[in-house]
Amino acid sequence: MQHVNVLLSTYNGKRYMRELIDSIIAQEGVSADILARDDGSTDGDTQRILDDYQQRGLLTWYQGENLRPAHSFMQLLADAHEAPFYAFADEDDYWQPDKLATAVKALEPYAGKPALYFSRTQLTDENLNPISGPVINPLLTFGESLVYKFIPGCTMVFNKELRDIVNTFRADFVPMHDIWIYSIALAVKAKVVFDPQPHILYRQHGDNTIGQGQGQMHEWHRRLKRLNSHERYRQACELLRGYAPFMGSDELDTLSTFVNARRSLTARLRLIGDKRFVCADSRTYRLFQLAVLLNIY
């Protein structure tokens, strides 16, 4: 069986964590090794739950300072021992038994080359009853990855070759670990596999760090926050700073066009009309064009 390092970041996660860990342990067709990093939990119970599983030989965990999710997961990726495949786990989800095996099977044809798999999620309420939510149909282009932030990290599985590239650089600004690694993968021409079939129950509740299906007001608040932080531009600058040596000429030109557009109105107008940045979600794309025009992207 193929071996997968499952990387779990926890923070005051006692409410749902046992369900998640048990669903990882129950994965079929692969060998899953769980490494957990507690991101400075204050409830006490989260660490006790991790201790219980560690004493039974079912996971390894360590305590860290509070870095917040993006940097906590990146720290886990840096600390994890070598394995053919890596996966991220959120403390409040539930994995279907075939989740990891499906991903590994999809990635196996690309052995020796950087590759990443992700899938749709099945949204649920806090009791794991299915609910409706947005349906993604990504174009899987590098330009789209700079504009449209949609990838659910809890579905991602990637190979050692991509992990090794990611770990060559530690960015100061990481919007979220999943967005960051997905953009790196496309920047370096990794094979990216999208599975439209969900293999995870993506629990929505009042304490989600980032959730889906939480209504239009929530979504607009997230969009405005992104504009105010210049998140897209800052991420693009970090990609250019850290991964230019791994990128081909087309990807470098795409990224340079994106970054340099802030220098003049003429460059921004060119970016607005550049079809390399079209994304699957038309509303997101229109808002991006407006943000470029106002130089706040």
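Let me begin by describing the structure that accompanies this report. (Residues numbered from 1 in each chain as written. Predicted model: local features only at pLDDT ≥ 70, side-chain atom pairs only at ≥ 80, totals over all residues. Heavy atoms only, no water.)

Thoughts on the overall build of the chain
To keep things clear, this is the line we draw: Numbering of helices and strands starts at the N terminus; helices are DSSP runs of H or I of at least 4 residues and strands are runs of E of at least 2. Just to be clear, the radius of gyration here is over C-alpha atoms, and the globule rule we use is 2.2 Å times residues to the power 0.38. Three exposure classes are used, based on accessible area relative to the maximum for each residue type with a 1.4 Å probe and protein chains only: buried under 20%, partly exposed in between, and exposed over 50%. Here a residue-residue contact requires only that any non-hydrogen atoms of the pair lie within 4.5 Å. Here the Shrake-Rupley method, with its probe set to 1.4 Å, supplies the accessible areas, and only the displayed protein chains count as covering residues. Counting rule applied: Lys, Arg positive; Asp, Glu negative; His and chain ends not counted. Throughout, a charge is located at the NZ atom of Lys, the CZ atom of Arg, the CG atom of Asp or the CD atom of Glu.
Scanning the chain from terminus to terminus reveals 12 helices and 10 strands. Against the 2.2 N^0.38 benchmark of 19 Å for 297 residues, the chain shows a C-alpha radius of gyration of 19 Å, consistent with a compact globule. Principal-axis analysis of the C-alpha atoms places the extent of the chain at approximately 60 × 45 × 35 Å. Burial analysis of the chain (297 residues in total) assigns 52% to the buried set. For the chain, restricting intrachain contacts to residue pairs at least 6 apart in sequence, the fraction spanning at least 24 positions comes to 78%. Taken as a whole, the chain presents about 13,100 Å² of accessible surface, with 51% of it coming from carbon and sulfur. Averaged over its 33 positive side-chain charges, the chain has a centre that lies 9 Å from the centre of its 36 negative ones.

Notes on helix H10 (residues 249–260)
Defined as follows: Given the number of residues in a helix, its expected span is that number minus one, multiplied by 1.5 Å. This arc describes the spread of directions from the helix axis toward the C-beta atoms.
An ideal rise of 1.5 Å per residue puts 16 Å on 12 residues; H10 measures up with 16 Å between its terminal C-alpha atoms. Burial in H10 covers these residues: Glu-251, Thr-254, Leu-255, Phe-258 and Val-259. When H10 is viewed along its axis, its buried side chains cluster within an angular range of 125° and face the same direction. Away from its buried face, by an angle of more than 90 degrees, H10 presents the exposed residues Ser-249 and Asp-250. Structurally, H10 contributes buried residues whose contacts are with helix H5 (142–147), helix H7 (177–187), helix H9 (231–243), helix H11 (265–272) and helix H12 (282–293).

Description of the sheet that holds strand S1 (residues 2–10)
Keep this limit in mind: A pair of strands is considered paired only if DSSP assigns at least 2 bridges between the two. Each axis is a line fitted through C-alpha atoms, and for a helix only the stretch in contact is used; angles between axes span 0 to 180 degrees, taken between their N-to-C directions.
Taking strand neighbours across the sheet as the criterion, the seven strands line up as S3-S2-S1-S4-S8-S6-S9 in an open arrangement whose pairing is mixed. With partners counted over all chains shown, the strands left at the sheet margins are strand S3 (60–64) and strand S9 (191–195), one partner each. The sheet shows a mean angle of 20° between the axes of neighbouring strands, taken without regard to direction. Across three bridges, strand S4 (residues 85–90) lies against strand S8 (residues 157–159) in antiparallel orientation. Paired with Phe-85 across the strands is Asn-159, a residue of S8. Here H7 sits on the sheet and contacts S4, strand S6 (115–119), S8 and S9; the angle it forms with S6, its principal contact strand, is near 135°.

Details of the sheet that holds strand S7 (residues 122–124)
Spatially, S5-S10-S7 is the arrangement adopted by the three strands of the open sheet, whose pairing is mixed. Edge positions in the sheet fall to strand S5 (94–95) and S7, since each has one partner strand and no second. Alignment of S5 against strand S10 (residues 200–203), held across two bridges, turns out to be antiparallel. Each residue of the ladder has a partner; that of Tyr-94, found in S10, is Leu-201.

Section: the nonpolar core
The criterion, for reference: Among the buried residues, those of types Ala, Val, Leu, Ile, Met, Phe, Trp, Tyr and Cys that are joined through side-chain atoms within 4.5 Å form a nonpolar core.
Counting residues in each nonpolar core, the largest one holds 59 residues, and the members touching the most others are Leu-116, Phe-118, Trp-180 and Ile-181. The greatest single-element share of this core, amounting to eight residues, is contributed by H7. Ile-34, Leu-50, Tyr-53 and Val-104 belong to the second-largest nonpolar core, a separate cluster that totals 31 residues.

Notes on the side chain of Ser-9
Looking at the secondary structure, you find Ser-9 in strand S1. For Ser-9, the residues in contact, after removing those within four places along its chain, are Arg-37, Asp-39, Ser-72, Phe-73, Leu-76, Ala-89 and Glu-91.

Examining the pattern of salt bridges
Spelled out, the test is: One side-chain nitrogen of Lys or Arg within 4 Å of one carboxyl oxygen of Asp or Glu is enough to make a salt bridge.
Within the structure shown, the criterion is met by 12 salt bridges. Among the charged side chains, a salt-bridge network with shared partners connects Lys-14, Asp-45 and Arg-48.

Quick notes on the packing of H7 against H9
Keep this limit in mind: By definition in this entry, angles of less than 35 degrees are roughly parallel, angles greater than 145 are roughly antiparallel, angles of 65 to 115 are roughly perpendicular, and the rest are oblique. Crossing chirality is assigned from the near helix's rotation relative to the far helix, an anticlockwise turn below a right angle marking it left-handed and a clockwise turn marking it right-handed. Just so you know the grouping, Ala, Val, Leu, Ile, Met, Phe, Trp, Tyr, Cys and Pro go in nonpolar, Asp, Glu, Lys and Arg go in charged, and all remaining residues, Gly too, go in polar.
One can describe the packing of H7 onto H9 by two numbers: an axis separation of 11 Å at closest approach and a directional angle of 50°. Classified by the angle their axes make, H7 and H9 are oblique. The crossing of H7 and H9 is right-handed. Contacts from Ile-179, Trp-180, Ser-183 and Ile-184 of H7 reach H9 at Gln-235, Glu-238, Leu-239 and Tyr-243. Here the residues of the contact of H7 with H9 are counted per class, giving five nonpolar, two polar and one charged.

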